[in-house]
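In case you want the letters, here they are:
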Amino acid sequence: MPDEPTPEPEPAPEAATSAAPAQPVDTGYTRSGVPTFESVREKIETRYGTAIGAAELDAESAQGRTVEEQYDERQRAAGERLAEIRKSMHKEQKEQDDAQ
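Below is a summary of the structure that appears in this document. (Residues numbered from 1 in each chain as written. Predicted model: local features only at pLDDT ≥ 70, side-chain atom pairs only at ≥ 80, totals over all residues. Heavy atoms only, no water.)

## Focus: the packing of helix α2 (residues 37-60) against helix α3 (residues 62-99)
And then number 1: One way to put it is that α2 packs onto α3 with a least axis distance of 4 Å and a crossing angle of 80 degrees. One element, α2, and the other, α3, form an angle in the roughly perpendicular class. Along the contact surface, α2 presents D58, A59 and E60, while α3 presents A62, G64 and R65.
And then number 2: Of the residues assigned to the contact of α2 with α3, the class counts are 2 nonpolar, 1 polar and 3 charged. (Axes fitted to C-alpha atoms, helices over the stretch in contact; angles between N-to-C directions. Helix = DSSP H or I, 4+ residues; strand = E, 2+ residues; numbered from the N terminus. Parallel < 35°, antiparallel > 145°, perpendicular 65-115°, else oblique. Contact = heavy atoms within 4.5 Å. Nonpolar A, V, L, I, M, F, W, Y, C, P; charged D, E, K, R; others polar.)

In structure tokens:
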């Protein structure tokens, strides 16, 4: 109940705390709250690994393959259209050269 006092934890024996020096816990931040280089690097590597894994899973799925096939088809169609445009431009240039 909220009105009942909570019992306080028993203090640890002093012999145990004085025998071993306390190791500071690495929180990834300095005392002033600035992230350390190691913590930033670790976050970046974790996010990079997650992104690479997600991309691999997407590429291996049926939907991912379909998107890749659609992209390849668009690239092929764009290349064909570019070849047609170049061909027509060369034809026009040749006609202009013949007219002069």
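## Some details on the pattern of salt bridges
And then number 1: The final tally for this structure, using the stated rule, is 5 salt bridges.
And then number 2: A salt bridge links E73 to R76; the shortest N-O distance between them is 2.3 Å. Pair noted here: E73 and R76 are both in helix α3, with a separation of 3 residues, about one helical turn.
And then number 3: When the shortest N-O distance is used, the salt bridge between R76 and E80 registers 2.4 Å. (Salt bridge = Lys/Arg side-chain N within 4 Å of Asp/Glu carboxyl O.)

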